[in-house]
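The chain contents come next:
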Amino acid sequence: MRPPRRGLGALCAVALLSQQIVFAQQSQPRPAKRFELTVDSIMRGPGLVGYQPEAVRWSQDGRRVFFRWKQAGDPRLREMDTYVVNRDGTGLRKLTEEEAREAAPPTSGDLSEDKTMTVFADEGDVFIYDHREGRRRQITRTTEAEQNPRFTQDQKRIYFTRQNNLYLLSLDGGSLEQLTDIRVGVGGGGPQAGRQGGAAEQRGTESQENLKKEERALLEAVRERAENRERLEARRKERERRKPLNLPAGQNVFNLTLSPDGRFVVATVNEPATGAKPTIVPNYVTESAYTEDLPARTKVGDAQGRSRQVIISVETGDVRNVDHGQREVAPQVRTRTEQNASEQTQRERGDAQPPQVATPRTQTDQTAQQQGQQSQQQSGQQGAQQQPPRTQTERTTEPQQRDREVQLFQLQWSDDARRAALLARSADNKDRWVLLLDPETGKTRVVAHVRDEAWVNGPGAFTLGWLPDNRSVYFISERDGYAHLYSVPADGGEPRQLTSGQFEVSDVRLSNDKTKFYFTSSEGGPFERHLYSMPVGGGARTRLTTMAGNNITEISPDESALAIVHSYSNKPWELYITALAPGSQARQITTSPTPEFSTYNWIDPPIVSFRARDGATVHARIYKPANWRRGGPAVLFVHGAGYLQNVHKWWSNYYREYMFHHLLMERGYIVLDIDYRGSAGYGRDWRTGIYRHMGGKDLTDHVDGVQYLIREHGVDPRRVGIYGGSYGGFITFMAMFTTPDVFAAGAALRPVTDWAHYNHPYTSNILNLPQSDEEAYKRSSPIYHAEGLKGALLICHGMVDVNVHFQDSVRLVQRLIELRKENWELAVYPVEDHAFERETSWADEYKRVLRLFENNIQNNPSVSPAGQGGGRRNR
């Protein structure tokens with residue numbers, strides 16, 4: 001009898017147990033790699049902190065949430081994927097490309113009144129998404145691009161734009177109907193022909209027309225052809241149902257909208273600027289290996305394009321311009337009729353004062369000047385040598401009324417389709433109006449007016465909608481100093497303020513039953529944003545979100561749940577789902593950063609306040625080392641964009657800088673990040689505090705911040721640096737040039753050096769025009785103050801920056817050379833635009849910034865370790 005084979009069984013059992021142990025070890029999550037706080041690690045950007053969920057939308061049954069998202073480790077240029085999650089937070093999964101294309105609801109489009117369909121455009125074709133079936137079907141399949149499809153009021157048809165015209169298509173298989181006949185690029189006619197809705201007759205000069213007439217009378221063949229052409233033209237016009245709108249070459253049309261009754265099409269016509277000179281940005285690193293030019297914007301003060309709205313009759317094609325009703329008096333212009341001899345002599349000797357900058361002239365003004373010049377020339381030809389010099393005479397044009405330059409936008413029809421409202425803004429952006437439009441005549445009537453002697457803006461400035469009574473409209477205005485919600489009767493009356501207080505309102509929408517507003521507000525304090533509800537007539541407000549920080553909300557179709565993209569000071573943006581009720585707990589859906597990111601103790605930066613020299617209270621984030629000793633160095637960070645908030649309780653747009661400030665803390669620096677004058681979040685007076693002087697109060701707020709650090713935290717006044725990008729780079733220049741004894745070192749990244757070279761929409765609001773407000777531009781532009789540089793200066797700029805052009809830094813460098821300044825350096829980034837994309841560029845830039853501070857304010861040999869004695873080096 002053989003003995004039992006216990007050894008083999010035991011061996012198998014041991015092997016099986018070993019496999020289970022190995023599998024168990026493999027299935028357990030590995031400990032996250034410890035985060036190493038270095039410039040290279042920080043500047044991985046999204047590769048470290050992940051990507052913010054975007055395009056969040058609910059299914060119409062309210063059971064699922066769709067959104068776009070990308071994992072931290074995904075390739076930088078890869079498009080975001082589409083994800084879906086159940087309402088209760090379960091079942092999160094990534095859709096396949098086919099599912100995302102066919103089954104996911106569109107990110108935009110027009111929802112039908114019964115909420116069963118959404119019509120939208122995708123890659124130039126029209127689709128309808130069926131919310132009941134969760135599928136889309138294709139409506140058009142053409143080589144021409146269709147855009148902006150919408151349902152008609154009866155929901156049985158859709159209309160869309162194709163090749164500058166509006167088309168109507170029945171959903172029951174009916175024929176396609178063209179509603180407009182807009183012909184772009186029709187020869188001749190000029191702007192006035194376009195304004196009248198028909199091409200001007202092509203006529204030659206008087207002599208040419210006379211020859212044409214004689215030829216027709218003399219030769220039978222010519223007369224026969226002309227008569228036949230005229231007969232065919234007459235027959236064609238009889239067949240045409242509507243008149244064409246002929247737009248001259250260069251003009252274009254967009255935003256075609258059908259009135260609810262189907263009788264009118266409202267369109268915006270763009271007229272390009274005459275004589276404007278676009279800038280060019282050279283691109284040196286290209287696939288072709290040749291330098292290629294990137295077309296870019298014009299500069300502030302250059303000629304600007306114009307736009308106007310027209311109303312086109314669907315039946316006849318008749319065109320009416322929308323009359324905004326705003327007039328102004330054209331400035332008086334004096335024109336010389338003869339040159340004063342003594343003044344001419346003075347000018348030749350160089351004694352005369354330089355000529356004043358001319359104001360823009362109307363066509364009438366130019367004609368008057370030409371007449372004056374002709375008179376002067378004729379006088380000289382008749383015998384200037386024989387006549388003694390005479391005194392100069394002048395001629396003044398009579399004041400004339402002319403249309404004010406006004407842009408019209410945001411057309412909104414009432415639910416009963418009987419009224420239309422729109423917004424208007426003056427070209428100088430000092431006035432905005434809420435207008436009521438009569439589509440029959442094109443006339444408008446002002447129902448509300450907002451004027452700001454600086455410029456009109458603020459959160460929600462483009463908000464406009466109808467209240468459920470169809471007799472009142474709502475809008476947002478800074479009339480009382482903060483962005484608040486107002487309503488005004490369309491038939492006339494004073495606006496009624498619905499919200500009030502030292503907070504701002506934005507993102508306004510009506511509830512399904514239109515009994516209440518939903519909006520985002522900073523009512524709980526300027527450092528957070530929450531969703532509120534309020535009755536449409538005003539009254540008590542109810543806060544609906546509970547998580548501290550910022551909450552970007554998407555309300556479910558049945559208004560019972562919320563999808564929230566939320567972040568906190570030290571936590572990046574994530575998606576949450578919660579019930580739409582006060583005090584509800586939210587469930588986190590996404591986790592965007594890498595596990596490595598969470599191993600570091602990222603701080604919630606304390607928010608401090610200090611008093612500015614004019615008595616204003618300035619808020620700032622402070623990063624203070626745990627082992628801080630008096631006499632240490634400080635760095636001030638200046639956020640970009642000007643009108644942007646960075647002192648708050650949510651994840652910063654400047655998250656790389658946020659992490660960089662932790663590195664500076666570890667090296668013994670205290671860092672202050674200020675919401676200076678002009679920043680967002682603090683009302684109208686704060687927003688406009690930089691009017692006509694950028695580098696004024698916004699800079700002194702930083703200088704006062706240095707005094708706060710010295711007074712309250714013991715910072716060594718000789719060891720202070722400053723840095724920032726874009727607007728922050730501009731402030732860095734102004735700090736280093738105009739307050740050189742305050743800042744020992746500064747890093748200006750992608751900086752503006754001369755505001756006369758920046759764009760028109762942003763700069764003209766704040767500084768007016770360079771040709772009419774030269775003083776504002778010169779005192780606000782660093783290039784005019786460069787002689788004040790004393791400390792160490794670093795300039796970093798991307799060479800293909802189409803926002804703040806690399807030319808800005810090049811011109812300043814030439815100025816520094818001519819001033820014989822030596823304590824500066826320039827780092828260029830050949831493939832980077834305004835916002836850097838490549839982590840190697842980010843890392844190189846911030847290693848240079850760190851080295852600047854280490855060499856000049858941290859390891860400054862003129863300062864003792866305790867911060868006592870010594871003085872600044874001779875720079």
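Here the structure is shown first, and the text comes after it.
As the structure is a computational prediction, the values presented were derived from the model and not from experiment.

Some words on the packing of aromatic side chains
Geometrically, a pair of aromatic rings is defined through the distance of the ring centres and the angle of the planes.
Now for step 1: Inspection of the entire model under this criterion finds 38 aromatic pairs.
Now for step 2: The interplanar angle of 80° and the centroid separation of 5.1 Å between the aromatic rings of Tyr474 and Phe517 together place this pair among those described as edge-to-face. Here Tyr474, found in strand 30 (residues 472-477), pairs with Phe517, found in strand 34 (residues 516-521); they are 43 residues apart in sequence, far enough to count as distant. Comparing Tyr474 with Phe517 shows no difference in burial state: the two are buried.
Now for step 3: One aromatic cluster is present, built from ring pairs that chain together Phe637, Tyr654, Phe660, Tyr723, Tyr829, Phe836, Trp842, Tyr846 and Phe853.
Now for step 4: When the ring centre of Phe462 is taken as reference, the NZ or CZ atom of Arg432 above it lies at 4.8 Å.

Remarks on the pattern of salt bridges
Now for step 1: Following the criterion strictly, the structure yields 55 salt bridges and no others.
Now for step 2: The shortest N-O distance in the salt bridge between Arg216 and Glu230 comes to 2.8 Å. Highlighted residues: Arg216 in helix 6 (residues 206-218) and Glu230 in helix 7 (residues 220-239), separated in sequence by 14 residues.
Now for step 3: Among the ionic pairs, Arg263 bridges to Asp261, the shortest N-O distance being 4.0 Å.
Now for step 4: For Asp261, a relative accessible area of 44% gives the class partly exposed.
Now for step 5: Overlapping salt bridges, with partners in common, bring together Arg404, Asp428, Asp431, Arg451 and Glu453 in one network.

Quick word on the sheet that holds strand 33 (residues 505-510)
Now for step 1: Pairing within the open sheet is antiparallel, and its four strands lie in the order 33-34-35-36. Sheet topology places strand 33 and strand 36 (542-543) at the edges, where each strand pairs with a single neighbour.
Now for step 2: Bridging between strand 35 (residues 530-535) and strand 36 involves two bridges; their strand directions are antiparallel. Paired with Ser533 across the two strands is Thr542, which belongs to strand 36.

Re empty space enclosed by the protein
Now for step 1: Per the stated rule, a full pass over the model turns up three cavities of 30 Å³ or more.
Now for step 2: Of the voids in this model, the largest cavity is the one considered here, and its volume is about 180 Å³.
Now for step 3: In terms of lining, the largest cavity is formed by 20 residues, of which the most central are Arg432, Val450, Ala461, Phe475 and Ile476.
Now for step 4: Breaking the lining of the largest cavity down by element, the ones donating at least two residues are strand 26 (420-426), strand 27 (431-437), strand 28 (444-451) and strand 30.
Now for step 5: For the lining of the largest cavity, the residue count by class is 13 nonpolar, five polar and two charged.

So, the side chain of Arg677
Now for step 1: In this structure, Arg677 sits in the loop between strand 44 (670-674) and helix 11 (684-687).
Now for step 2: Looking at Arg677, the relative accessible area reads 6%, which means it is buried.
Now for step 3: A polar atom in the side chain of Arg677 sits 2.9 Å from the side chain of Asp614.
Now for step 4: Of note is the side chain of Arg677, whose polar atom sits 2.8 Å from the side chain of Asp701.
Now for step 5: Other than its neighbours up to four places away in sequence, Arg677 contacts Ala612, Asp614, Ala616, Trp686, Gly689, Ile690, Lys697, Asp698 and Asp701.

Points about the packing of helix 12 (residues 697-713) against helix 13 (residues 727-738)
Now for step 1: Where helix 12 meets helix 13, the closest approach of the two axes is 10 Å, and the angle between their N-to-C directions is 70°. Regarding the angle of helix 12 to helix 13, the classification is roughly perpendicular. Crossing of helix 12 over helix 13 shows right-handed handedness. Here Asp698, Leu699 and His702 of helix 12 come into contact with helix 13, specifically with Tyr727, Phe730, Ile731, Met734, Ala735 and Thr738.
Now for step 2: Its residues assigned to classes, the contact of helix 12 with helix 13 shows six nonpolar, two polar and one charged.

Quick notes on the packing of helix 10 (residues 655-666) against helix 17 (residues 839-858)
Now for step 1: Relative orientation of the contacting elements helix 10 and helix 17 amounts to 40°, with a least axis distance of 12 Å. Between helix 10 and helix 17 the crossing geometry is right-handed. Across from Arg656, Glu657, Phe660, Leu663 and Leu664 in helix 10, the residues of helix 17 making contact are Trp842, Tyr846, Val849 and Leu850.
Now for step 2: When grouped by side-chain class, the residues that make up the contact of helix 10 with helix 17 number seven nonpolar, no polar and two charged.

Side note on the pairing of strand 39 (residues 571-579)
Now for step 1: The element strand 39 is extensively covered by neighbouring structure, given that seven of its nine residues are classed as buried.
Now for step 2: Note: strand 38 (residues 561-568) against strand 39, seven bridges, orientation antiparallel. Each bridged residue has a counterpart across the sheet, and for Leu562 the counterpart in strand 39 is Thr578.
Now for step 3: Counted along the chain from strand 38 to the antiparallel partner strand 39, the turn is two residues long.
Now for step 4: In this structure, strand 39 lies alongside strand 40 (residues 587-588), joined through two bridges in antiparallel fashion. Looking at the pairing, Tyr576 lines up with Gln588 of strand 40.

Conventions adopted
Residues numbered from 1 in each chain as written. Predicted model: local features only at pLDDT ≥ 70, side-chain atom pairs only at ≥ 80, totals over all residues. Heavy atoms only, no water. Phe/Tyr/Trp six-rings, centres within 6.5 Å; stacked < 30°, edge-to-face > 60°. Helix = DSSP H or I, 4+ residues; strand = E, 2+ residues; numbered from the N terminus. Buried < 20%, exposed > 50% of the residue type's maximum accessible area, 1.4 Å probe, protein only. Lys NZ or Arg CZ within 6 Å of the ring centre and 35° of its normal. Salt bridge = Lys/Arg side-chain N within 4 Å of Asp/Glu carboxyl O. Pairing = 2+ DSSP bridges. 1 Å grid on protein atoms, 1.4 Å probe; cavity = no way out; pocket = protein on both sides within 12 Å on 5 of 7 lines; lining within 4 Å. Points joined across faces, edges and corners; volume = space filled by probe spheres on them. Nonpolar A, V, L, I, M, F, W, Y, C, P; charged D, E, K, R; others polar. Polar contact = N/O pair within 3.5 Å; in protein donor to acceptor, adjacent residues only side chain to side chain. Contact = heavy atoms within 4.5 Å. Axes fitted to C-alpha atoms, helices over the stretch in contact; angles between N-to-C directions. Parallel < 35°, antiparallel > 145°, perpendicular 65-115°, else oblique. Left-handed = near helix turned anticlockwise from the far one by under 90°.

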